[in-house]
Amino acid sequence: MNAQQSLNEKPVHELLALIEKGEIHPRDVISDVYRAIAQREDQIRAYISIAPPEHLLQGCERLRDRPLRGLPIAVKDNISTVDLKTTCASRFLEDFQPIFDATVIERLKDAGAQILGKTNLDEFAMGSSTENSAFFPTRNPHDLERVPGGSSGGSAAAVAAHEALWALGSDTGGSIRQPASFCGIVGLKPTYGLVSRYGLVAFASSLDQIGPMTKDVRDCALLLNVIAGRDRRDSTSLERPCDDYTRDLGQDIKGFRVGVPKEYIVDLSSQARACVEAWVKIFQELGAEVREISLPHTEYAIPTYYLISSSEASANLARFDGVRYTKRISDLSMEAMFAESRARCFGPEVKRRIMIGTYALRAGYYEAWYGKAQRVRTLIRQDFERAFQTVDIIISPTSPTPAFKLGERMKDPLAMYLSDIFTVPASLAGIPAISIPGGKVEGLPFGLQIIGDKLQEAKILRAAYAFEQSHTPAVSPTEQ
Ligand code: GLN
């Protein structure tokens, strides 16, 4: 390990080992993280709010016997925290101070983690670039002219710029994986139901999952260990024995059957295609057997996702009415107050989704739009079920392109939606998928996505770890 490396650049598992040996103190790590924030945050703008350093420096003394030793974590600002506001990057919740912690936050605190700050996102997690934040866009640490991806762009940028050791994101159709790909870090969307959604502000309830965003695969497994598990406050959370997701890391993947969906590689640039070819070679060298597979309903994934997610969003966001929560445009009749509060406090993308969703759910049209989308969702899930009868994992790029320029896709919502083409299918199927650094395209990070069957997190982490070990380490923007 590079002796010059400051502590905030190291993965958490290495820091914990150093703390264990008495070589460093959690205080030193916290100081290095705040130093990076002081140096880079003005440019990157990953955070909506940041906890005062004294708070964490004091806290780590109290937490020194807990497994995570008081080390800090960044949290996407749509996850409820009592210590810091939870804004969803929306004017509606600008001043909203929750009175309870999300289950994942409770678990992290019990394990001895401290909340470092709340990270920027597309308003209510709707978007793929973090430009839909009502407050400010976040920039990609690898190229400040480019987006960090979205909607968990703040979490991805914070980890990539070493302004955080690790972070939580949320993923409805790709919001953990796509920013992880754009920023050159690791991001995992767990199986639907593996991680509690209690305290996650709902966007599309049948798709939303919280997951880890980390510097390497081992940290990803470690963080999943902390947050996964049954929660009686989320009725969709799964009843299952706790797994140790670090257990299989380091085991070989000889004989693994790896599928490459032919529908995912048709429109790739030559550089992106070269990356996919290089991945195939690496997996073959690791002893896996790579074969082409077909997921025939892929072309319907985007319209299906946008119909279902917008329908659920239009229902979930009905609670923001100017009466409950914070912002209210008052001095008006009751009805005008509802309308004005919503007109002034939601941004344009959120309004677009509410309108699409309300349209799709309309009496008389429900079957033709929402009902049909649900049936296509089943076909997409069956594509994967069929594929997993013949392969162990599926690999693909996380996104068709590397990070695009700020402003480039803001005028064209369809172009923005299409950046989700490879992430949305696994979301609709409710199955786990990870994005890990897979090399560079146009000089920018380009993520490899590994998709697994339901609850096969241990398997995709094992494959991701084998790939990571055989391949270049995560590209750090500070090394450029
Ligand atoms: N980009 C997708 C959308 O805009 C996914 C968002 C997400 O996963 N939260 O809906």
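In short, a report on the structure.

Parameters and conventions
Residue indices begin from 1 for each chain and proceed along its sequence in written order. The predicted nature of this model means local features are confined to residues of pLDDT at least 70 and side-chain atom pairs, given and counted, to a pLDDT of 80 or more, with totals for whole chains, interfaces and linings taken over all residues. As a convention, hydrogens and water are excluded, and side-chain values are obtained from all of the structure's heavy atoms. Comment: elements are numbered from the N terminus, with helices defined as DSSP H or I runs of at least four residues and strands as E runs of at least two. Given a helix with a known number of residues, its expected span is that number minus one, times 1.5 Å. The quantity called bend is, for any residue, the angle between two axes fitted respectively to the seven residues ending at it and the seven beginning at it. Burial classification: accessible surface area is computed with a 1.4 Å probe over protein chains only, and a residue below 20% of its type maximum counts as buried, one above 50% as exposed, and the rest as partly exposed. Note on definitions: a residue-residue contact is assigned when non-hydrogen atoms from the two residues lie within 4.5 Å. Cavities and pockets are found on a 1 Å grid laid over the protein atoms alone: a cavity is a set of points where a 1.4 Å probe fits but cannot escape, a pocket is an open set with protein on both sides within 12 Å along at least five of seven lines, and a lining residue has an atom within 4 Å of such a point. Grid points are joined across faces, edges and corners, and a volume is the space filled by probe spheres set on the points. Three classes are used: nonpolar for Ala, Val, Leu, Ile, Met, Phe, Trp, Tyr, Cys and Pro, charged for Asp, Glu, Lys and Arg, and polar for all others, with Gly counted as polar. The near set for a molecule or strand comprises every residue that places at least one heavy atom within 4 Å of it. N or O atoms closer than or at 3.5 Å make up a polar contact, with two conditions inside protein: a donor-capable atom paired with an acceptor-capable one, and, for residues adjacent in sequence, both atoms drawn from side chains. Every accessible area reported is derived by Shrake-Rupley at a probe size of 1.4 Å, with residue values counting cover from the shown protein chains alone. For a molecule to be placed in a cavity or pocket, more than half of its atoms must lie within 2 Å of the grid points of that cavity or pocket. Here, nonpolar core refers to any group of buried Ala, Val, Leu, Ile, Met, Phe, Trp, Tyr and Cys residues whose side-chain atoms link them within 4.5 Å. We treat two strands as partners when DSSP finds at least two bridges between them. As a rule, the C-alpha atoms of each element are fitted with a line to give its axis, helices using only the stretch in contact, and angles between N-to-C directions run from 0 to 180 degrees. Only residues whose relative accessible area exceeds 30% and that form no salt bridge enter a patch; like-charged residues are grouped when within 9 Å of one another, and nonpolar side chains (Val, Leu, Ile, Met, Phe, Trp, Tyr) when within 5 Å. In the sections that follow, a salt bridge refers to a side-chain nitrogen of Lys or Arg positioned within 4 Å of a carboxyl oxygen of Asp or Glu. Orientation is classified from the angle alone, with under 35 degrees giving roughly parallel, over 145 giving roughly antiparallel, 65 to 115 giving roughly perpendicular, and any other angle giving oblique. Each aromatic pair joins two rings of Phe, Tyr and Trp (for Trp, the six-membered one) with centres within 6.5 Å, and gets the label stacked for planes under 30 degrees apart, edge-to-face for over 60, and tilted for any other angle. Remark: a charge is flagged as sitting over a ring if the NZ atom of Lys or the CZ atom of Arg is within 6 Å of the ring centre and within 35 degrees of the ring normal.

1. Quick look at helix α2 (residues 26-44)
- The terminal C-alpha atoms of α2, which comprises 19 residues, lie 25 Å apart, in line with the 27 Å expected from a rise of 1.5 Å per residue.
- At Ala-38, α2 shows its largest kink, close to 40°.
- Among the residues making up α2, those that are buried are Pro-26, Val-29, Ile-30, Asp-32, Val-33, Tyr-34, Ala-36, Ile-37, Arg-40, Glu-41 and Ile-44.
- Considering only its buried residues, α2 is in contact with α1 (12-20), β1 (47-50), α3 (53-62), β2 (72-76), β3 (114-119) and α5 (153-160).
- The positive-phi residue at the C-terminal boundary of α2 is Arg-45, with phi of around 55°.

2. With respect to empty space enclosed by the protein
- One pass over the structure, following the stated rule, counts two cavities of 30 Å³ or more.
- Forming the boundary of the largest cavity are 14 residues, of which Gly-127, Gly-173, Ser-175, Tyr-305 and Asp-420 lie nearest the centre.
- Residue composition of the lining of the largest cavity, by class: five nonpolar, seven polar and two charged.
- In this structure, the second largest cavity spans a volume of roughly 40 Å³.
- Along the walls of the second largest cavity sit Tyr-264, Leu-295, His-297, Thr-298, Ala-301, Ile-380, Asp-383, Phe-384 and Pro-425, which together make up its complete lining.
- Examining the composition of the lining of the second largest cavity, we find that three residues originate from one element, helix α12 (residues 367-387), more than from any other.
- For the lining of the second largest cavity, the residue count by class is six nonpolar, two polar and one charged.

3. Comments concerning the site of the ligand
- In the vicinity of the ligand there are 15 residues, among which Thr-172, Gly-173, Ser-175, Tyr-305 and Arg-353 approach most closely.
- Take Gly-174: an N or O atom from its main chain is 3.3 Å from an oxygen atom of the ligand.
- Within the side chain of Arg-353, an N or O atom sits 2.7 Å from an oxygen atom of the ligand.
- Burial of the ligand by the protein amounts to 100% of the accessible area it has alone, namely 290 Å².
- A majority-of-atoms criterion places the ligand in the largest cavity.
- Its residues assigned to classes, the shell around the ligand shows five nonpolar, seven polar and three charged.

4. So, the nonpolar core
- Core analysis: the largest hydrophobic core is formed by 149 residues, its most contacted members being Phe-124, Leu-168, Phe-283, Phe-384, Ile-434 and Ile-450.
- At eight residues, the largest contribution of residues to this core is made by helix α15 (residues 457-470).
- Beyond its immediate sequence surroundings of up to four residues, Ile-434 is in contact with Arg-177, Val-186, Gly-187, Leu-188, Cys-220, Leu-448, Gln-449, Ile-450, Ile-460, Leu-461 and Ala-464.

5. Remarks on the sheet that holds strand β10 (residues 433-441)
- Taken together, eleven strands build an open sheet; the order of strands is β1-β3-β2-β4-β6-β5-β10-β11-β9-β7-β8 and the sheet is mixed. Here the strands that pair on one side only, and so sit at the sheet edges, are β1 and β8 (289-293). Strand after strand, the sheet turns through a mean of 30° between neighbouring axes, direction not considered.
- Sheet topology places β2 next to strand β4 (residues 167-171); two bridges connect them, and they run parallel. From the neighbouring strand, Ala-74 faces β4, where its bridge partner is Ala-167.
- Strand contacts of α2: β1, β2 and β3, with the helix running at about 135° to β1, the strand carrying the most contacts.
- Against the sheet, helix α7 (residues 217-227) touches β2, β4, β5 (186-189), β6 (209-214) and β10, its axis set at about 145° to β6.

6. Overview of a nonpolar patch on the surface
- Side chains of Val-323, Met-334 and Phe-338 sit close together on the surface and give an oily, nonpolar patch of about 270 Å² of accessible area.
- Relative to the helices and strands, Met-334 resides in helix α10 (residues 334-345).
- Take Met-334: its relative accessible area is 58%, and that puts it in the exposed class.

7. Comments concerning the environment of Tyr-34
- The residue Tyr-34 is located in helix α2 in this model.
- Non-local contacts of Tyr-34, meaning those with residues more than four positions away in its chain, are made with Ile-50, Ala-51, Pro-52, Pro-53, Leu-56 and Leu-116.

8. Things to note about the packing of α1 against α7
- Their axes nearest at 8 Å, the elements α1 and α7 cross at an angle of 80°. Judged on the interaxial angle alone, α7 and α1 are roughly perpendicular. Contacts between α1 and α7 involve Val-12, His-13 and Leu-16 from the former and Arg-218, Asp-219 and Leu-222 from the latter.

9. Let's talk about the pairing of β5
- Residues Val-186 and Leu-188 point to one face of β5 and Gly-187 and Lys-189 to the other, with burial holding for every one of them.
- Direction of pairing for β5 relative to β10: antiparallel, over a ladder of three bridges. Opposite Lys-189, over in β10, you have Ala-433 as the bridge partner.

10. Considerations on the environment of Ala-74
- Checked against the element boundaries, Ala-74 lands in strand β2.
- Leaving out residues up to four positions away in the same chain, Ala-74 has contacts with Tyr-47, Leu-116, Gly-117, Thr-119, Ala-164, Trp-166, Ala-167 and Leu-168.

11. Some details on the packing of aromatic side chains
- All told, the structure shown has 16 aromatic pairs when counted by the stated rule.
- For the ring pair Phe-384 and Phe-388, a centre distance of 6.4 Å and an interplane angle of 20° mean the geometry is stacked.
- Using a relative accessible area of 3% as the deciding quantity, one classes Phe-384 as buried.
- An aromatic cluster of three or more residues is present, and its members are Phe-92, Phe-124, Phe-320 and Phe-346.
- Cation over ring: Arg-45 sits above Phe-136, and NZ or CZ is 3.8 Å from the ring centre.
- Above the plane of the ring of Tyr-365 lies Arg-362, whose end atom (NZ or CZ) is 3.7 Å from the centre.

12. Let's talk about the packing of helix α9 (residues 301-316) against helix α11 (residues 348-361)
- Viewed as axis vectors pointing N to C, α9 and α11 meet at an angle of 95°, and their least axial separation amounts to 7 Å. When the axis of α9 is compared with that of α11, the two are roughly perpendicular. Contacts between α9 and α11 involve Tyr-306, Leu-307, Ser-310, Ser-311 and Ser-314 from the first element and Arg-353, Ile-354, Ile-356, Gly-357, Thr-358, Ala-360 and Leu-361 from the second.
- Taken together, the residues of the contact of α9 with α11 break down into six nonpolar, five polar and one charged.

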